[in-house]
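Notes for the structure review
Listed below are the residues making up each chain.
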Amino acid sequence: MTASVAVSRQHGAADSAAAQIELGRRLFYDADLSIDGTMSCATCHEQRHGFTDGNATHPGVTGEPGRRNAPGLANVAARASLTWGDPRVRTLEAQSAIPLYGDHPVEMGMAGHEAAFAKRLGADACYRAQFRAAFPEAGGKIDPAHIARALGAFERSMISTSAPYDRYRAGDRNALPVDAKTGLRAFNAGGCADCHSGANLTDDRFHAIAPASANATDTGLAEITGLAVDVGKFRTPSLRNVAVSAPYLHNGSARSLADAIRRHTTAHKLSDATIASITLFLGSLTDPVFLKNPRLSLQPPGCPRRSLPGAASHADRRATRQG
């Protein structure tokens, strides 16, 4: 292979990768991914809330109540597993199938209607051009597998590294005010960092933060393992942007950060003043750059011409209902 051919292939791969992100971004905000055109990924994952939605849970297209709180998506590609209770879901592509096709509960309601994607999206000249640019090796095929790949590519671009705490970890001792530093010390001394550790403040493991209720209908990890010891265990959530992503816990039952902290058995020994101090520290995990990054926002109408030269402009997509 000549050097020029190798460079050309590298450029082609880079162009395809960028096109996959842009396609995934458009799909993420498109309600046509749901059976009745009323629900998109962004319905439950709003950027201003750190890609949560501000609700305890969210009903699906059939009105069936949601079971679990929508998790934030900051640095989601770094997560070892991707749901509250199933450690087997380890790729973003696999995770996207749960809201699209799942029935426990029904969310977007596309199970059994997978063929509709090609008809719906293929009727749009912009989508046809975007799929060709993103997946030239497949001839721009529009199907569930390529939709999942595009969504995964976009979600991998959801990188959050600009919170005050990030600057503090990088060596800027002035990035946190005195009260946040006091809260950080209380966070560590109170045992919070035992599970909320590392750059994303999660160990990605499954824990029970308190004894499970005898009448709990959601048993967490035990639903997968069948083990009594796993009843009430849920994955440790990341704390990035936690101050803007209320309510909290797997079922959204904690309305405030102080309430969420108090739900932990290990926090029962903490005073109200200490909990307030920890809450001040948690505010330093908010990344304003991430929350307003235009590359993660709803695209303006029309084809992204930079990646799709010559693509025809398209009519505005069906309005996406968010939150």
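Before reading further, recall that the structure is shown in the block above.
Read on for a plain summary of the structure. Small disclaimer: the values here were computed from a predicted structure and weren't measured.

As a further point, take helix H3 (residues 92-101). When we look at burial in H3, the residues that qualify are Leu92, Ser96, Pro99 and Leu100. One face of H3 carries all of its buried residues, which in axial projection span an arc of 95°. Buried residues in H3 make contact with helix H4 (116-122) and helix H6 (144-156).

What follows is about unusual backbone geometry. Note that the residue after His104, namely Pro105, is joined by a cis bond; omega there is 5°. Turning to its location among the elements, Pro105 is positioned in the loop between H3 and H4. The linkage connecting Ala246 with the following residue, Pro247, adopts the cis geometry, with an omega of 0°. For Asn241, which is not a glycine, the phi torsion comes out positive at approximately 60°. The residue Asn241 is located in the loop between strand E2 (234-235) and helix H10 (257-262) in this model.

Another point: the packing of H3 against H6. Running from amino to carboxyl end, H3 crosses H6 at an angle of 115°, the nearest separation of the two axes being 8 Å. Accordingly, the angle class assigned to the pair H3 and H6 is roughly perpendicular. For the crossing formed where H3 meets H6, the hand is right-handed. Between H3, through Leu92, Glu93, Ser96 and Tyr101, and H6, the contact on the second element is made entirely by Pro144, Ala148, Arg149, Leu151, Gly152, Glu155 and Arg156. For the contact of H3 with H6, the per-class residue count stands at five nonpolar, two polar and four charged.

Attention shifts here to the pattern of salt bridges. Counted under the stated rule, the structure contains 16 salt bridges. Between Arg67 and Glu223 there is a salt bridge; the shortest N-O distance is 2.6 Å. One end of the pair, Arg67, is in the loop between helix H2 (41-44) and H3; the other, Glu223, is in helix H9 (residues 222-225), with 156 residues separating them in the sequence. Its relative accessible area of 23% is what places Arg67 among the partly exposed residues. The closest approach of N and O atoms between Asp143 and Lys141, which form a salt bridge, is 3.8 Å. We classify Asp143 as buried; its relative accessible area is 15%. Given the relative accessible area of 48%, Lys141 is considered partly exposed. Among the ionic contacts, a cluster of salt bridges with common partners joins Arg67, Arg68, Asp218 and Glu223.

Summed over the entire model, instances satisfying the criterion amount to one disulfide. The structure places no disulfide on Cys195, whose sulfur is separated from the nearest cysteine sulfur, that of Cys192, by 9.2 Å.

Judged by nonpolar contacts, the single largest core of 38 residues is most densely connected at Leu27, Phe28, Leu33 and Phe131. For this core, the elements supplying multiple residues, two or more each, are helix H1 (3-28), H2, H3, H4, helix H5 (125-134), H6 and helix H12 (288-292). Apart from residues lying up to four places away in sequence, Phe28 is in contact with Ser40, Cys41, Ala42, His45, Phe51, Leu73, Leu151, Phe154, Glu155 and Met158. Of all hydrophobic cores here, the second largest spans 25 residues; its members include Phe187, Leu249, Leu270 and Ile275.

According to the stated counting rule, one finds nine aromatic pairs in the structure shown. Measuring from centroid to centroid gives 5.3 Å for Phe28 and Phe154, while their planes differ by 65°, and the two rings are edge-to-face. Of the two residues, Phe28 is situated in helix H1 and Phe154 in helix H6; the sequence distance between them amounts to 126 residues. Both residues of the pair, Phe28 and Phe154, belong to the buried class. With centroids separated by 5.2 Å and ring planes inclined at 55°, the aromatic side chains of Phe187 and Phe281 adopt a geometry described as tilted. With Phe187 in helix H8 (residues 178-189) and Phe281 in helix H11 (residues 272-282), this residue pair connects regions lying 94 residues apart in the sequence. These aromatic residues form a ring-pair network of at least three members: Phe28, Tyr29, Phe51, Phe154 and Phe290.

Here the focus is the packing of H8 against H11. Contact geometry of H8 with H11 gives a least axis separation of 7 Å together with a crossing angle of 115°. What the angle tells us is that H8 and H11 run roughly perpendicular. Where H8 crosses over H11, the two elements pack in a sense that is left-handed. In this structure, H8 contributes Asp179, Ala180, Thr182, Gly183, Leu184, Ala186 and Phe187 to the contact, and H11 contributes Thr274, Ser277, Ile278, Leu280, Phe281 and Leu282. The residue inventory of the contact of H8 with H11, partitioned by class, reads eight nonpolar, four polar and one charged.

The rules behind these values
Residues numbered from 1 in each chain as written. Predicted model: local features only at pLDDT ≥ 70, side-chain atom pairs only at ≥ 80, totals over all residues. Heavy atoms only, no water. Buried < 20%, exposed > 50% of the residue type's maximum accessible area, 1.4 Å probe, protein only. Helix = DSSP H or I, 4+ residues; strand = E, 2+ residues; numbered from the N terminus. Arc of directions from axis to C-beta. Contact = heavy atoms within 4.5 Å. Axes fitted to C-alpha atoms, helices over the stretch in contact; angles between N-to-C directions. Parallel < 35°, antiparallel > 145°, perpendicular 65-115°, else oblique. Left-handed = near helix turned anticlockwise from the far one by under 90°. Nonpolar A, V, L, I, M, F, W, Y, C, P; charged D, E, K, R; others polar. Salt bridge = Lys/Arg side-chain N within 4 Å of Asp/Glu carboxyl O. Disulfide = S-S within 2.5 Å. Core = buried A, V, L, I, M, F, W, Y, C linked by side-chain atoms within 4.5 Å. Phe/Tyr/Trp six-rings, centres within 6.5 Å; stacked < 30°, edge-to-face > 60°.

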